[in-house]
Amino acid sequence: QKEVEQDPGPLSVPEGAIVSLNCTYSNSAFQYFMWYRQYSRKGPELLMYTYSSGNKEDGRFTAQVDKSSKYISLFIRDSQPSDSATYLCAMSEKSGNQFYFGTGTSLTVIP
Amino acid sequence: GAVVSQHPSWVICKSGTSVKIECRSLDFQATTMFWYRQFPKQSLMLMATSNEGSKATYEQGVEKDKFLINHASLTLSTLTVTSAHPEDSSFYICSARRQGQYEKLFFGSGTQLSVL
């Protein structure tokens, strides 16, 4: 079983829709959770970072962590064509030196 | 803040030559840098972890003599692909962990290597 599971999609939504991206994980020691956005042939860009359980909001983006279910989500409100990219979840242990990535979900927002 | 610069963004080379890729943290000190390889439509594959001033730790299956990593300062790490072959063609990405902010990882823009 992989440490981090993420549905690769692809996911296609109309402009303005609410997008929900999810990852599940198996390691209960994970404490730090990140979402990255990666455009084609570019490096990943850190979008959201959360520590332990809870919600975090930044503009149109909301990150949720449910440690009891080992489940994290990224919500994108009022999606825009510029949100079209691959979204990667990542996580690490509190004192770990390794980061574990999902396979990425490809998102297309149709104008 | 937390800008990681990676150069070159793309390189084409002949089989048998060596290619060096640079990764710099522009506005912070990076005690740890990571090198990844990414194939089309796939996730990041960790190649090695480098700590400033010490030898890199390579992941299983990654040839250390082929992929030379040097982390000579707190702001610079280099990856040299030696005697490159077409199968080394890939997208290489570096990332850096900021000193005192170990829980976040910041990425460079990536290097597309094509070996003819």
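Counting restarts for each chain: residues are numbered from 1 in the order of the written sequence. Just so you know, chain letters begin at A and ligand numbers begin at 1, following the order they were written in. Totals for whole chains, interfaces and linings use all residues, but because this is a predicted model, local features are given only for residues with pLDDT of at least 70 and pairs of side-chain atoms are given and counted only at 80 or more. Hydrogens and waters are ignored; side-chain quantities use all the structure's heavy atoms.

S.K.: Quick question: what am I supposed to make of the sheet that holds strand 3 (residues 19-25) of chain B here?
M.R.: Adjacent strands of a sheet form backbone hydrogen bonds with each other and so pair up, either parallel or antiparallel. Residue and element names in this part refer to chain B. The strand order 1-3-8-7 describes an open sheet built from four strands, whose pairing is antiparallel. The open sheet is flanked by strand 1 (4-7) and strand 7 (67-73), the only strands paired with a single partner. For this sheet the average axis-to-axis angle between neighbouring strands, irrespective of direction, equals 15 degrees. Note: strand 7 against strand 8 (residues 76-81), five bridges, orientation antiparallel. From the neighbouring strand, Phe67 faces strand 8, where its bridge partner is Val81. For two strands to be treated as a pair, DSSP must find no fewer than two bridges joining them. By definition, any uninterrupted DSSP run of H or I lasting at least four residues is a helix, any uninterrupted run of E lasting at least two residues is a strand, and each is numbered from the N terminus. Axes here refer to lines fitted to C-alpha atoms; in helices the fit is confined to the stretch in contact. Angles between the N-to-C directions go from 0 to 180 degrees.

S.K.: What exactly am I supposed to notice about the nonpolar core here?
M.R.: The tendency in soluble globular proteins is for nonpolar side chains to be buried side by side. Only buried Ala, Val, Leu, Ile, Met, Phe, Trp, Tyr and Cys residues count toward a nonpolar core, and they belong to the same one when joined by side-chain atoms within 4.5 Å. The cut-offs for exposure are 20% and 50% of the maximum accessible area for each residue type, with area from a 1.4 Å probe on protein chains only; residues under the lower value are buried, those over the upper are exposed, and the others partly exposed. Among the nonpolar cores identified, the biggest contains 27 residues, and B:Phe67 and B:Leu113 are the most heavily contacted of them. Secondary-structure elements contributing two or more residues to this core are strand 2 (10-13), strand 3, strand 4 (30-38), strand 5 (44-51), strand 7, strand 8, strand 9 (90-98) and strand 11 (111-115) of chain B. What makes two residues a contact is simply this: any of their non-hydrogen atoms within 4.5 Å. Not counting residues up to four positions away in its chain, the partners in contact with B:Phe67 are B:Arg37, B:Met47, B:Tyr58, B:Val62, B:Leu79, B:Thr80, B:Val81, B:Asp88 and B:Tyr92. Grouped together as the second largest cluster of nonpolar side chains are 24 residues, A:Ala17, A:Phe30, A:Ile76 and A:Ala85 included.

S.K.: Is there a simple way to explain the state of the cysteines in this structure?
M.R.: Between two cysteines, a covalent bond joining their sulfur atoms is known as a disulfide. Residue and element names in this part refer to chain B. Cysteine sulfur atoms are paired as a disulfide whenever they come within 2.5 Å of each other. What the rule picks out here adds up to two disulfides over all chains. With no disulfide of its own, Cys13 lies closest to Cys94 among cysteine sulfurs, the gap being 18 Å. Residue Cys13 is classed as buried on the basis of its relative accessible area, which comes to 9%.

S.K.: Whenever I open this one, the sheet that holds strand 1 (residues 4-6) of chain A confuses me. Can you help?
M.R.: Residues and elements named next belong to chain A. Spatially, the five strands line up as an open sheet ordered 1-3-8-7-6, and their pairing is antiparallel. Of all strands in the sheet, those with a lone pairing partner are strand 1 and strand 6 (54-58), marking the two edges. Within the sheet, the average angular offset between the axes of one strand and its neighbour, ignoring direction, is 15 degrees. Direction of pairing for strand 3 (residues 19-25) relative to strand 8 (residues 71-76): antiparallel, over a ladder of six bridges. Paired with Asn22 across the strands is Ser73, a residue of strand 8.

S.K.: It is not clear to me how the pattern of salt bridges should be interpreted in this structure. Could you clarify?
M.R.: Side chains that differ in charge, positive against negative, can pair when their charged atoms come close. Residues and elements named next belong to chain A. Whenever Lys or Arg places a side-chain nitrogen within 4 Å of a carboxyl oxygen from Asp or Glu, that contact is recorded as a salt bridge. Following the criterion strictly, the structure yields five salt bridges over all chains and no others. One salt bridge connects Asp83 with Arg60, and the closest N-O pair in it is separated by 2.8 Å. Taken together, the positions of Asp83 in the loop between strand 8 and strand 9 (85-93) and Arg60 in the loop between strand 6 and strand 7 (61-66) put the pair 23 residues apart, joining distant regions of the chain. On the basis of relative accessible area, Asp83 is assigned to the buried category, the value being 1%. Classification of Arg60 by relative accessible area gives partly exposed; the value is 26%.

S.K.: So what exactly am I meant to see when it comes to the interface of chain A and chain B here?
M.R.: Buried accessible area, meaning the area lost when the parts come together, often serves as the stated size of an interface. The partner chain B presents 24 residues to the 18 residues of chain A that form the contact. Values labelled buried area give the accessible surface lost by two parts on being combined, using a 1.4 Å probe and summing over both. Of the roughly 1,600 Å² buried between chain A and chain B on both sides combined, carbon and sulfur atoms contribute 57%. Among the residues chain A hides against chain B, the three largest losses belong to A:Arg41, A:Asn97 and A:Phe99. Together they make up 35% of the total. Where chain A touches chain B, the interface holds zero salt bridges. Residues adjacent in sequence count toward polar contacts only when both atoms are side-chain atoms; beyond that, a polar contact is any pair of N or O atoms within 3.5 Å, and within protein one must be able to donate a hydrogen and the other to accept it. If you look at where chain A meets chain B, you find five residue pairs in polar contact (both at pLDDT 80 or more). Where the side of chain A that touches chain B is concerned, the elements lending two or more residues are strand 4 (30-38) and strand 5 (45-51) of chain A. Classifying every residue of the side of chain A that touches chain B by side-chain character gives nine nonpolar, seven polar and two charged. We call Asp, Glu, Lys and Arg charged. Ala, Val, Leu, Ile, Met, Phe, Trp, Tyr, Cys and Pro are nonpolar, and the rest, Gly among them, are polar.

Scope: geometric values only; no functional claims are made or implied.
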